[in-house]
Amino acid sequence: MYIKFNLAAAKQNEKWHSDGVIYPRPTWLGEELLGRLARWCVAIRKSEFKSTLSLISITRYSVLYQALKEKYRDMVKVWPEVTDPEKFVYEDVAIAAYLLILWEEERAKRGVSAKQSFVDLGCGNGLLVNILCSEGHPGRGVDVRRRKIWDVYGPHTRLEEEAISPSDQTLFPDADWLIGNHSDELTPWIPVIAARSSYRCRFFVLPCCFFDFVGRYSRRQSRKTQYREYLDFIREVGQACGFHVEEDCLRIPSTKRVCLIGKSRTYPPAAEVGVDEQRTRYIHSRRGLSGGKPLCPVLQAAACNADHPDGDRALGTRAQCDLEVAVPECGVEAQAGGLWLPGFHPREKAERVRNCATLPRDFIDQVVLQVANLLLGGKKSNTGSPQEGTWKTWNGGESLSLAEVARQLDRVTLQRLKQECGGLQTLLRNSHQVFEVLDGQVHIRDWRRELQKEKPLEAKRGPSLEAFKTRACWFFTHHPDGCVLPSASCPFAHGPQELRPPRPPKKKRQAP
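None of these values were measured; they are calculated from a predicted model.

(A) Looking closely at the sheet that holds strand E4 (residues 177–181). The 7 strands are arranged E3-E2-E1-E4-E5-E7-E6 in an open sheet whose pairing can be described as mixed. Of all strands in the sheet, those with a lone pairing partner are strand E3 (158–161) and strand E6 (243–249), marking the two edges. On average, each strand axis in the sheet is tilted by 20 degrees relative to the strand beside it, whichever way the strands run. In this structure, E6 lies alongside strand E7 (residues 258–265), joined through 7 bridges in antiparallel fashion. In the sheet register, Phe243 faces E7, and the bridge partner there is Arg265. Docked against the sheet, helix H4 (residues 85–110) engages strand E1 (118–121), E4, strand E5 (202–206), E6 and E7, running at close to 155 degrees with respect to E4.

Below is the structure:
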């Protein structure tokens, strides 16, 4: 490979004004960039993951994905959940396209025409089940909690509200495939359930959050990323269950996009009894290797990874939580119920809100005032007559780290906040009108700068105008210098006389 750079020509170009940033200096282009380009072109990059779509035909996948995307694009318009419809609709479309091509190629290889049946464990919003059923595959989805979107699907989509606990009562002998798409605490169990359901049952898992058979998965080494190590663990589970396990990388908008597939067994059907004894020994060998004692069902939900903020598939949360709270061991009770390993707890049916939104209003107001006083340098907030501030005298306070703020709060307050996912940081972020939290630093929000960032009121969208003056201005009531903005400019009400009743939320259009 030969790359030539004409330095003289670059210097003579009248449009070239080298600033070292937007327009690089010619010396850097000739002496640095070309050498790097040459090295990059010949370098062999080693990746710890397989190339994308390595197990199926990329051409057929691309054609099918575009067709499915066009066919199911209207789901975005009728999505009733709080999650981002475009992300979840198109992600499930991509996963469905992958499975449909995988199954099509499997039928061709086996010389059969009947479409494979499936069960999606932890199906969440159920869209993947809906697509696969609509494309002619008999199947159903099971999840611990019913979703609003389930009512949108037709009668051909079979979705069941049920908690799955790995036991002899949760086998699926009639299913060709078991699917675990972000199935969280069920992920390591899916190869086991597939292996014990029937010899012909296969599995597909797309791991996201890191769970062992009981509780969280605990890392064993630091040479690999946690994600790579967890994928290797799920592969090990599949192999211990007697599967040939293959790995592939999906084309989806997620950082967790590696799937593991068990399509065939490593042993003949006659050896099933002996292999199942090996499975049992392997499962019990994992006892005590998870990170701490078994988690209660609510805290299991909080262990989800930040890439998995999917309220439609799981109870995951972006915030962090104290995960060391444990539930009592239930060995005798579990064995009586037929559980394959005592200590497993499916997540609760009811989704508990743990984002500080359910805390008492007076408690939230007390913490907000206390933190505001800290930032204002001890200058007490007003509790009497409100006033409006001026550009010159308004006290914007200082910036403190979250740790510095936490040290100033009493133990009882911190303990109460710790019970909520995200704790102090979540409460301060929720108090958007008063605080700005950026890079771990907290400071008083200056609405002069906020309005400078925004478009004029005339250019704002409807919802922003509808919310105008529907909440009281905290600064007008509590800040020692009052609100920094005049009443006409402040989006919040300066006194009860300005308060407007909030408009009810618009109802989403239902599916035809």
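(B) Structural view of the confidence of the model for the protein chain. On average, residues of the protein chain carry a pLDDT of 80, and 75% of them reach 70 or more. Note on residues 292–303: pLDDT under 50 across the span, and 45 contacts to partners over four residues away in sequence or across chains.

(C) Up close: the pairing of E7. A large share of E7 lies buried, amounting to 6 of its 8 residues. Summarising the sheet, E5 and E7 pair through 3 bridges and their orientation is antiparallel. Bridged to Val205 within E7 is Leu260.

(D) Fine view of the pattern of salt bridges. Taken as a whole and assessed by the stated rule, the structure comprises 28 salt bridges. Linking Arg110 and Glu106 is a salt bridge whose minimum nitrogen-to-oxygen distance equals 3.9 Å. A residue pair is termed a helical-turn pair when its members lie 3 or 4 positions apart in one helix, as Arg110 and Glu106 do in helix H4 at 4 residues. The partner of Asp176 in a salt bridge is Arg200, with the nearest N and O atoms 2.1 Å apart. Here Asp176 is found in the loop between E3 and E4, whereas its partner Arg200 is found in the loop between helix H6 (190–197) and E5, with 24 residues between them in sequence. Residue classification places Asp176 among the buried positions, given a relative accessible area of 15%.

What counts and how
Residues numbered from 1 in each chain as written. Predicted model: local features only at pLDDT ≥ 70, side-chain atom pairs only at ≥ 80, totals over all residues. Heavy atoms only, no water. Pairing = 2+ DSSP bridges. Helix = DSSP H or I, 4+ residues; strand = E, 2+ residues; numbered from the N terminus. Axes fitted to C-alpha atoms, helices over the stretch in contact; angles between N-to-C directions. Contact = heavy atoms within 4.5 Å. pLDDT = per-residue confidence, 0-100. Buried < 20%, exposed > 50% of the residue type's maximum accessible area, 1.4 Å probe, protein only. Salt bridge = Lys/Arg side-chain N within 4 Å of Asp/Glu carboxyl O.

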